[in-house]
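Survey of secondary and tertiary structure
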Amino acid sequence: MRSANLLNDFAFKYVFGEDCKEANDALKSLLTVFLERKVEHVVVKNSEMVKDYTKMKSPRLDLLVEFDDQTSVDLEMQLRQTKDNLPIRFSYYLARLHGSQELEGKYYGELKETIVLVFFNVNSIDNHRMCNTFTLKNEDGLSFVKETEDRMKLRTIEMAKLDVNKPLEDMSEQEKMIYYFLNCHKGMDDSKIKVMIESDGVIQMLEKRVETISDDGWKKIIEDFQKLHENEERMERQLELEELQKVKEEVRKLQEEAKKAQEEARKEQEKARKEQEEAQKAKEEARKAQEEARKAIQEAVKSMKM
């Protein structure tokens, strides 16, 4: 079993993003399958990212792709759920990509299409579809922009939803490619991978690219990149601990404020009780005064009769 694994996003981006014909052909096949449109020509705008990974501050490797019609695609491989909200994150990527277009002196109708294409190895969307496309719609599903004019799309591929036990002959092109992504590290040891390598031209193309990252040199690079992931995970855990500490401090402050509020309420209740007692005393004194006045009047009446 070889070390190459396309679920490692560095390997994924190298296979599809290196500045060479083989990688470009593999990329066109990938985009044709998952965007469900014929792709004749694409250019990777940031292919230099795979040349010096040591300068990266974080292990986020996106492929920024431009079609011949100037459609832009941000291609992401997201292996795990993170503390940072993924749907919000990728919505931001889409907005940022769309807003990066130069529009000075142009009409808004000249904006080109932008797509964020994300491969997840986690389940994030509550339905049974492996592939979902999101656009601007209202609560009833009514599109804000005509479908033919919609310039912003978020396309998600949830690989974890693949039925890996499904017979190969029943798999779609998308399912076959996802199966290959998930299991290419097994090579010919996997019976389905073996059949695909022997009979599927697209998979044969991908296999040739994967073979270029199977030597010890690439194993070291991938291991180093994995360390970047581990460092990111440690940083996330540290942020989580700091956030938890902040939450605890907020809870303590709220409890202290609640305690003060309770004490103020107790004082107010005590004050109200005293005022009520004083009012009751005043009422009783008034009653006694009325009783004494009544008796005095009665005595006066008796005296006058005598």
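In this numbering scheme, every chain counts its residues from 1 along its sequence in written order. Local features in this predicted model are restricted to residues of pLDDT 70 or higher, and side-chain atom pairs are both shown and tallied only at a pLDDT of 80 or more, whereas totals for entire chains, interfaces and linings draw on every residue. The side-chain quantities take in all heavy atoms of the structure and omit both hydrogens and water.

**Structural notes on the sheet that holds strand S4 (residues 114–120)**
- Two strands pair under a simple rule: DSSP has to find at least two bridges between them. Here a helix means four or more residues in a row that DSSP labels H or I, a strand means two or more in a row labelled E, and each is numbered from the N terminus. The strand order across the open sheet built from 6 strands is S1-S2-S3-S4-S6-S5, with neighbouring strands paired in mixed fashion. The open sheet is flanked by strand S1 (42–44) and strand S5 (131–134), the only strands paired with a single partner. Averaged over all adjacent pairs, the angle separating strand axes in this sheet is 20 degrees, with direction ignored.
- Here 7 bridges tie strand S3 (residues 72–78) to S4, and the two strands are oriented parallel to one another. Looking at S4, one finds that Met77 is bridged to Phe119.
- Only heavy atoms enter the contact rule, under which two residues are in contact if any of them lie within 4.5 Å. Lines fitted to C-alpha atoms define the axes here, with helix axes fitted over just the stretch in contact, and angles between the N-to-C directions of these axes take values from 0 to 180 degrees. Where helix H1 (residues 9–17) meets the sheet, its contacts fall on S1, strand S2 (63–67), S3 and S4, and the angle it forms with S3 comes to roughly 145 degrees.
- The strands that helix H2 (residues 21–35) touches are S1, S2, S3, S4, S5 and strand S6 (152–158); relative to S4, the one it contacts most, it runs at about 90 degrees.

**Thoughts on the packing of helix H4 (residues 173–183) against helix H5 (residues 191–199)**
- Between H4 and H5, the least distance of the axes is 10 Å, while the angle of their chain directions is 120 degrees. The angle between H4 and H5 falls in the class oblique. Crossing geometry of H4 relative to H5 is assigned as left-handed. Residues Lys176, Tyr179, Tyr180 and Asn183 of H4 touch H5, and the partners they reach there are Lys192, Ile193 and Met196.
- Considering only residue class, the contact of H4 with H5 consists of 4 nonpolar, 1 polar and 2 charged. Comment on the angle field: the value is read as roughly parallel under 35 degrees, roughly antiparallel over 145, roughly perpendicular from 65 to 115, and oblique elsewhere. Note on convention: near helix rotated counterclockwise from far helix by under a right angle means a left-handed crossing. Clockwise means right-handed. Put simply, Ala, Val, Leu, Ile, Met, Phe, Trp, Tyr, Cys and Pro go in the nonpolar bin, Asp, Glu, Lys and Arg in the charged bin, and everything else, Gly too, in the polar bin.

**Topic: the confidence of the model for the chain**
- Residue-level confidence of the predictor is summarised by pLDDT, bounded by 0 at the bottom and 100 at the top. Model confidence for the chain is summarised by a mean pLDDT of 82, while 84% of its residues fall at 70 or above.
- In this model residues 50–60 is a low-confidence stretch, pLDDT under 50, and it forms 20 contacts with partners more than four residues away in sequence or in other chains.

**Some remarks on the pattern of salt bridges**
- For salt bridges, the criterion is a side-chain nitrogen of Lys or Arg within 4 Å of an Asp or Glu carboxyl oxygen. Scanning all chains against the criterion turns up 18 salt bridges.
- Salt-bridge contacts for Glu113 lead to Arg37; the nearest nitrogen and oxygen are separated by 3.3 Å. Within this pair, whereas Glu113 is found in the loop between helix H3 (86–99) and S4, its partner Arg37 is found in the loop between H2 and S1, the two being separated by 76 residues in sequence.
- Per-residue accessibility, obtained with a 1.4 Å probe over protein chains only, is compared with the maximum for each type, and a residue is labelled buried under 20%, exposed over 50%, and partly exposed between these values. Accessibility expressed as a relative area gives 25% for Arg37, which makes it partly exposed.
- Here Arg252 makes a salt bridge to Glu249, at a shortest N to O gap of 2.6 Å. Highlighted residues: Arg252 and Glu249, both in helix H7 (residues 216–305), separated by 3 residues, approximately one helical turn.
- Classification of Arg252 as partly exposed rests on a relative accessible area of 42%.
- The network of salt bridges with common partners includes Arg37, Asp69, Glu113 and Lys153.

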